[in-house]
Amino acid sequence: MSITRETRRESHEQIKPKKSDRKALIMEVLEQGAKTAHEITQALLYRRVIPYYDRNFVSPRLTELKEMGEVEVIGKKYEGRTDRKVAVWKLKEAE
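Calculation criteria
Residues numbered from 1 in each chain as written. Predicted model: local features only at pLDDT ≥ 70, side-chain atom pairs only at ≥ 80, totals over all residues. Heavy atoms only, no water. Helix = DSSP H or I, 4+ residues; strand = E, 2+ residues; numbered from the N terminus. Buried < 20%, exposed > 50% of the residue type's maximum accessible area, 1.4 Å probe, protein only. Contact = heavy atoms within 4.5 Å. Areas by Shrake-Rupley, 256 points an atom, 1.4 Å probe, with all protein chains shown as cover. pLDDT = per-residue confidence, 0-100.

**Q** I'm lost on the overall build of the protein chain in this one. Help?
**A** Within the protein chain, the secondary structure is distributed over 3 helices and 3 strands. Counting from the amino terminus, the protein chain carries its helices and strands in the arrangement α-β-α-α-β-β. By residue count, 31% of the 95 residues in the protein chain fall in the buried class. Taking contacts inside the protein chain between residues at least 6 apart in sequence as the whole, the part at least 24 apart equals 39%. As presented, the protein chain carries roughly 6800 Å² of accessible surface, and 47% of it is formed by carbon and sulfur atoms.

Structure representation (structure tokens):
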């Protein structure tokens, strides 16, 4: 195995537990109501769960949660930070 592949695998193994923790934190934030990825990132930063502002802490986990059927997009909202409309996420209600 090459050094690059080994390093990539090691990095992935280190981050795996953090992924599930972050998913739970995102769901906690969404329990308070529908939010954009930016708003979720801001909430996690405010709680000091993430070290700095980066939507990449949230966006991939939202996609995974959507694929798992835990969250859904309910619309779009204009966001000044990006100067465009972005998805609004909420917890999916139990059927």
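**Q** So what exactly am I meant to see when it comes to the confidence of the model for the protein chain here?
**A** Detailed reading of predicted coordinates is not advised where the pLDDT is low. The predicted model of the protein chain has a mean per-residue pLDDT of 85, with 83% of residues at 70 or higher. Per-element averaging of pLDDT across the protein chain places helix α1 (residues 3-30) at the bottom with 72 and strand β1 (residues 35-36) at the top with 96.

**Q** What am I meant to see in the environment of Arg84 here?
**A** Examined against the element boundaries, Arg84 turns out to sit in strand β3 (residues 84-91). In this view, Arg84 contacts Lys77, Tyr78 and Glu79; residues no more than four positions away in its chain are not counted.

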